[in-house]
Amino acid sequence: MNIVLIGMPGSGKSTVGVVLAKTLNMSFCDTDILIQENDGRKLQQIIDTDGIDTFLKIEEESIINKKIEDCVVATGGSVVLSKNAVEHFKKDSILVYLKVSYYDIKKRIHNLNTRGIAFKKGQTLKDIYDERCPLYEKYADITVKSGRGKIIDVVERIKSKLDFS
């Protein structure tokens, strides 16, 4: 069984994921790093050179083609745009949505155009937030508020909902 963290860019998936994996004695995988390793380029380079549609296809293929077991997985914020990737995770994973308010996301993300965030030309951070949050809600098995406070508190909230205490 895997624990897959979903949520907006800047919601803390990678940071929380590492601590959660250590706490549960599980492996850790970050799909953004997986994409970069598979493609040999940074996320933003893929988006700038090949476009958003190609990036999303590469993201989906990287996830579907990677065998992941007993792992905490931090996904890219755009993973929910791929029904195939989400269905792949749903087979043997618990999806945990790290829910953060738009206000907190806006405070955390200052490099929208260089961070490797998948968004269409003309979209704003608010547009991305409004598009993806309903998808995170739809696909999540568990939702945990992650906006403020200590990382360990978020990890403890996840553990309590997983009944791993």
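Novice: Provide a residue-level description of the pattern of salt bridges, including the pertinent values.
Specialist: Within the structure shown, the criterion is met by nine salt bridges. The closest approach of N and O atoms between K67 and E69, which form a salt bridge, is 3.1 Å. Each of the two residues, K67 as well as E69, counts as exposed. In this structure, K99 engages E137 in a salt bridge whose closest nitrogen and oxygen atoms are separated by 3.1 Å. Of the two residues, K99 sits in strand β4 (residues 93-99) while E137 sits in helix α7 (residues 125-139), which places them 38 residues apart along the sequence. For E137, a relative accessible area of 38% translates into the label partly exposed. One continuous salt-bridge network, built from bridges that share partners, spans D39, R41 and D50.

Novice: If you had to explain helix α1 (residues 13-24) to someone new, which residues and values would you point to?
Specialist: In this model, α1 (12 residues) spans 16 Å end to end at C-alpha, consistent with the 16 Å of a helix rising 1.5 Å per residue. Those residues of α1 that fall on the buried side of the exposure criterion are K13, V16, G17, L20, A21 and L24. Looking straight down α1, one finds that the buried residues subtend no more than 130° of arc, so they occupy a single side. Buried residues along α1 sit against β1 (2-6), β2 (27-30), β3 (71-74), β4 and α8 (151-162).

Novice: Can you break down the pairing of β4 residue by residue, with the values?
Specialist: Most of β4 sits inside the fold, with five of its seven residues counted as buried. Here five bridges tie β1 to β4, and the two strands are oriented parallel to one another. Counted as the bridge partner of N2 is S93 from β4. The pairing of β4 with strand β5 (residues 142-145) spans four bridges and is classified as parallel.

Novice: Give me the nonpolar core: which residues, what numbers.
Specialist: With 27 residues, the main nonpolar core has I6, M8 and F89 as its most contacted residues. Counting residues per element, the ones that place at least two in this core are β1, β3, α5 (83-90), β4 and α7. If one sorts the elements of this core by residue count, α7 sits on top with six residues. For F89, the contacting residues outside a window of four places in its chain are V4, T31, I63, I68, V73, T75, V79 and L95.

Criteria and thresholds
Residues numbered from 1 in each chain as written. Predicted model: local features only at pLDDT ≥ 70, side-chain atom pairs only at ≥ 80, totals over all residues. Heavy atoms only, no water. Salt bridge = Lys/Arg side-chain N within 4 Å of Asp/Glu carboxyl O. Buried < 20%, exposed > 50% of the residue type's maximum accessible area, 1.4 Å probe, protein only. Helix = DSSP H or I, 4+ residues; strand = E, 2+ residues; numbered from the N terminus. Expected span 1.5 Å × (residues − 1). Arc of directions from axis to C-beta. Contact = heavy atoms within 4.5 Å. Pairing = 2+ DSSP bridges. Core = buried A, V, L, I, M, F, W, Y, C linked by side-chain atoms within 4.5 Å.

None of the figures reported here should be taken as evidence of function without further support.
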